[in-house]
Amino acid sequence: MFSGRHGKIYALFASLSICFSAVSPLPVKSCAHIIPEDPFVVLGSEFTAYCILNETCSSSYKQDARDIIWKIKNTKVPKQQYSVINSTVSSVTFNVTSLLDSFLTCNILAFEAFEQTLYGIYLKLGWPPDKPENVTCMVFNIEKLTCSWRSEEH
């Protein structure tokens, strides 16, 4: 798959990653994170996610937000849907369909040789709950508050 110089760089990077993750007592800090972290997405709506690069990793890879590659279900999102906010933040916007019930990841091309996933989130698709009706709350011993309600059924 990789040959020559790129293959050696990949092998070295993979070996170092395995060694450091196996012996490091410290938690490994992610190179990026995506906001929103745990999204519930309404079908038929427009959704925007932001990939925020850790500046230390950004300088290590010598890349910035312009180099982010967004993927859904391991398929690249068209670049027309990306926006670069600043050197550490890229966003992607799309219309939500049932086809998007999957992982959304932000990636970079590491060492000009292979795509490295920086972070991913799972998009949970569905409909928001109905507005509650007949809300009733009771307080027990001034310590515990319990509420109940009825939702409108479709």
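For the structure itself, look to the data block above.
Rules behind the numbers
- Residues numbered from 1 in each chain as written.
- Predicted model: local features only at pLDDT ≥ 70, side-chain atom pairs only at ≥ 80, totals over all residues.
- Heavy atoms only, no water.
- Pairing = 2+ DSSP bridges.
- Helix = DSSP H or I, 4+ residues; strand = E, 2+ residues; numbered from the N terminus.
- Disulfide = S-S within 2.5 Å.
- Buried < 20%, exposed > 50% of the residue type's maximum accessible area, 1.4 Å probe, protein only.
- Salt bridge = Lys/Arg side-chain N within 4 Å of Asp/Glu carboxyl O.

Student: Which residues make up the sheet that holds strand 8 (residues 103-110), and what values go with them?
Tutor: In spatial order, the strands read 5-4-8-9; together these four strands make up an open sheet with antiparallel pairing. Two strands lie at the open edges of the sheet, namely strand 5 (75-76) and strand 9 (114-122), each paired on one side alone. Sheet topology note: the strand 4 (residues 69-72)/strand 8 ladder contains four bridges and is antiparallel. Within strand 8, the residue paired with Ile69 across the bridge is Asn107.

Student: Tell me about the state of the cysteines, and name the residues and values.
Tutor: Under the defined criterion, the tally for this structure stands at two disulfides. The disulfide bridge from Cys51 ends at Cys106, spanning 2.2 Å between sulfur atoms. The sign of the S-S torsion, about 55°, decides the handedness of the disulfide formed by Cys51 and Cys106: right-handed. Taken together, the positions of Cys51 in strand 3 (residues 46-53) and Cys106 in strand 8 put the pair 55 residues apart, joining distant regions of the chain. A relative accessible area of 0% places Cys51 in the buried class. Residue classification places Cys106 among the buried residues on the basis of a relative accessible area of 0%.

Student: I'd love a proper account of the pattern of salt bridges, names of residues and values included.
Tutor: One pass over the full model with this rule turns up four salt bridges. Here Lys76 makes a salt bridge to Glu115, at a shortest N to O gap of 3.2 Å. Taken together, the positions of Lys76 in strand 5 and Glu115 in strand 9 put the pair 39 residues apart, joining distant regions of the chain. Residue Glu115 is classed as partly exposed on the basis of its relative accessible area of 29%. The shortest N-O distance in the salt bridge between Glu133 and Arg150 comes to 3.4 Å.

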